[in-house]
Amino acid sequence: MTEQNLQAADAAERTVAWVDDLIDRFASLSETHGSDGVTRLGYTPLERRAHQVFATFMSDLGLSVHSDTAGNTIAELAGDGRCDGIGTGSHLDSVPHGGRFDGIVGVVAAMLCAQTLTSSGYQPRHPLRFVVFANEEGARFGQACNGSRLAAGTTDAEALGELRDRDGISVLEAMHSVGLDPERLNDARWRREDWDSFVEVHIEQGSVLADGADDIGIVDTISGSTRLRLTVHGVASHSGGTPMLARHDALVSASAIVLAANALARDPEHFGTRITIGRIVASPNSMTTIPGEVTLDVDIRDVDTDRQRQTALALIAKAKELALLHETSLDAHLIADTAPTLLSHRLVELASHETDRLGMVHRVLPSGASHDTQQISHVCETGMLFVPSRHGGVSHSPDEFSRTDDIARGVQVLTGLVKALDLTDRQPRS
Ligand code: HGY
Ligand code: MN
Ligand code: MN
């Protein structure tokens, strides 16, 4: 084995050791543990402590680190004086009772990429920026990717003031509560001229790679997401005194709507669309009172933008019809809407060359989940690398799992891709 191969093997071994340690460290910062999974919601003290772990690790490598007014944390390895940086990173917040890998793998990959580059004395041409976005999950406030939306300028303080969690706390109030300064959110905006490209490593959150025995996924399209809140208005009344024919039971209407949504996503015309109603709140939620009001949180995903929006409109029309049929009424409110995003073909090609050079098997595939990269696509060229999800591809669950060796391969490809991007000047922007 040549000296160079020995060094590479040694570096890979060190990476594997670091992966488990960092995954464990982040998983320990959680409201829940063990079989209850990881709960580290956006704009909570736990998320800020996780950002601090990242910041300390990166400043120990000698990088300059700062957190912006959106709560994004950025570590920079200086380049040769040019300003257009190459970025990589992901998020550290989770869904309630989520897994140990969603978002975390992309941050760990960025940390170990920085460690590999600095320990080998690599001198970049472009500034290299390692980013942790704040509040990526939509689980708490409904809209996903708050930190990267603020970086991309695709949301603002006014819109964030409208988004509230189940306790009625707005995004801005939550930001204040963790010491952030929402009055200066514009300072978090990224300028196009400051960015060359951005690559995110993430778990697949599906089973395509594992089923195909692929080492790495290279993403070409990220699904869009239209998020609705449907509110069924009925009449709350006594469960014993109210005859069946005199009822306006909001939960009966809501149940018919859930089944209709499922049928809509499965019909040939909408095939490819995914509809999930993951949260239902019936009030007054009491055994002896007919539900007077039910809210349904609906998540509509697709890689085809027209089909995504048509499905949302078709579902609202069907829901209104069913509400009337069961002598109730319905309001529909749009919480958030993101179009599907095509990623840079140049980055797909560079990533494919890198995986071939490393002797790995890759597959180009779409992402069913949404990601910060979608928002950053408004700023510069973007790409995504997937590491395989095991356990049938389950995610947003304590059973989420990716193997250490899979993650280490993701770090290797990311590091090679960042260096390839650093050495190739992108085509003049069309
Ligand atoms: O909702 C999503 O797809 C991502 O996990 N934020
Ligand atoms: Mn994620
Ligand atoms: Mn997620």
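Rules and cut-offs
The numbering scheme is per chain: residues are counted from 1 as the chain's sequence reads. Written order decides the labels, with chains lettered from A and ligands numbered from 1. Given that this is a predicted model, residues contribute local features only at a pLDDT of at least 70 and side-chain atom pairs are listed and counted only at 80 or more, while totals for whole chains, interfaces and linings are drawn from all residues. Neither water nor hydrogens contribute to the side-chain values; these are computed over all heavy atoms in the structure. With water excluded from the atoms, a metal site may look incomplete; its donors are any N, O or S atoms within 2.8 Å, or within 3.2 Å for Na, K and Ca. Per the convention used, a helix needs a DSSP run of H or I reaching at least four residues, while a strand needs a run of E reaching at least two, with both numbered from the N terminus. When a residue's accessible area, from a 1.4 Å probe over protein chains only, is under 20% of the maximum for its type it is buried; when over 50% it is exposed; and in between it is partly exposed. Here the aromatic set is Phe, Tyr and Trp, taking the six-membered ring for Trp, and pairing holds for ring centres within 6.5 Å; pairs whose planes are under 30 degrees apart are stacked, those over 60 apart are edge-to-face, and all others are tilted. The rule for pairing is simple: two strands pair if DSSP sees at least two bridges between them. Residue contacts are defined here by distance: any two heavy atoms, one from each residue, within 4.5 Å place the two residues in contact. We define a salt bridge as a contact between a side-chain nitrogen of Lys or Arg and a carboxyl oxygen of Asp or Glu at a distance within 4 Å. The near set for a molecule or strand comprises every residue that places at least one heavy atom within 4 Å of it. Polar contacts here mean pairs of N or O atoms no more than 3.5 Å apart (in protein, one a potential hydrogen donor and the other a potential acceptor; neighbouring residues in sequence count only if both atoms are side-chain atoms). All accessible areas in this document rest on Shrake-Rupley with a 1.4 Å probe, and a residue is counted as covered only by the protein chains that are shown. Polarity classes work like this: nonpolar for Ala, Val, Leu, Ile, Met, Phe, Trp, Tyr, Cys and Pro, charged for Asp, Glu, Lys and Arg, and polar for all others, with Gly in that last group.

Colleague: Mind laying out the coordination of the manganese ion (ligand 3), listing which residues take part and the relevant values?
Modeller: Protein-derived coordination of the manganese ion (ligand 3) comes from Asp102 (OD), Glu137 (OE), Glu137 (OE) and His396 (NE2), at a distance range of 2.0 to 2.7 Å. All donors to the manganese ion (ligand 3) come from one chain, and their sequence spacing reads D-x34-E-x258-H. A separation of 3.5 Å is found between the manganese ion (ligand 3) and the manganese ion (ligand 2), which are bridged by Asp102. Residue Asp102 is located in the loop between strand 3 (85-91) and helix 3 (104-119), and its partner Glu137 is located in the loop between strand 4 (128-133) and helix 4 (146-152); the two are separated by 35 residues in the primary sequence. Residues Asp102 and Glu137 agree in their burial class; the two are buried.

Colleague: Can you break down the packing of aromatic side chains residue by residue, with the values?
Modeller: This model, assessed by the stated rule, comprises six aromatic pairs. Judged by centre distance (3.9 Å) and plane angle (10°), the ring pair of Trp190 and Trp195 falls under stacked. On the basis of relative accessible area, Trp190 is assigned to the buried category, the value being 9%. Judged by relative accessible area, Trp195 falls into the buried class, the value being 4%. Arranged with centres 6.3 Å apart and planes meeting at 55°, the rings of Trp190 and Phe198 form a pair that is tilted. For Phe198, a relative accessible area of 0% translates into the label buried.

Colleague: Explain the pairing of strand 1 (residues 64-67) to me, and be specific about the residues and the numbers.
Modeller: Where strand 1 and strand 2 (residues 73-77) come together, four bridges link them in antiparallel fashion. Along strand 2, the bridge assignment pairs Val65 with Ala75. The antiparallel pairing of strand 1 with strand 2 creates a hairpin that spans five residues between the two strands, and Gly71 there sits at a positive phi of about 90°.

Colleague: Mind laying out the environment of Val178, listing which residues take part and the relevant values?
Modeller: Mapping Val178 onto the fold places it in the loop between helix 6 (171-177) and strand 5 (195-203). Judged by relative accessible area, which is 16%, Val178 ranks as buried. Through-space distance from the C-alpha of Val178 to that of Arg279 is 26 Å; in sequence the pair is 101 residues apart. Setting aside anything within four residues of it in sequence, one finds Val178 in contact with Tyr43, Thr44, Pro45 and Arg48.

Colleague: How would you summarise the pattern of salt bridges if you had to cite specific residues and measurements?
Modeller: What the rule picks out here adds up to 26 salt bridges. For the salt bridge of Arg82 with Asp80, the shortest nitrogen-to-oxygen distance reads 3.3 Å. When its relative accessible area of 48% is taken as the criterion, Asp80 is described as partly exposed. Between Glu321 and Lys318 there is a salt bridge, and its shortest N-O distance comes to 3.1 Å. Pair noted here: Glu321 and Lys318 are both in helix 9 (residues 305-325), with a separation of three residues, about one helical turn. Judged by relative accessible area, which is 47%, Glu321 ranks as partly exposed. Judged by its relative accessible area of 35%, Lys318 is partly exposed. Connected via shared salt-bridge partners are Asp215, Arg390, Arg403, Asp405, Asp406 and Arg409.

Colleague: Go over the site of ligand 1 with me, naming the residues and quoting the values.
Modeller: Taken together, Asp102, Glu136, Glu137, Arg227, Arg301, Ala369, Ser370 and His396 make up the full set of residues near ligand 1. At a separation of 3.0 Å, an oxygen atom of ligand 1 approaches a polar side-chain atom of His396. Bound to the protein, ligand 1 loses 95% of the 210 Å² it would expose on its own. Each residue belonging to the shell around ligand 1 can be placed in one class, and the counts come to one nonpolar, two polar and five charged.

From the geometry alone we can't say anything about function, so treat these as descriptive.
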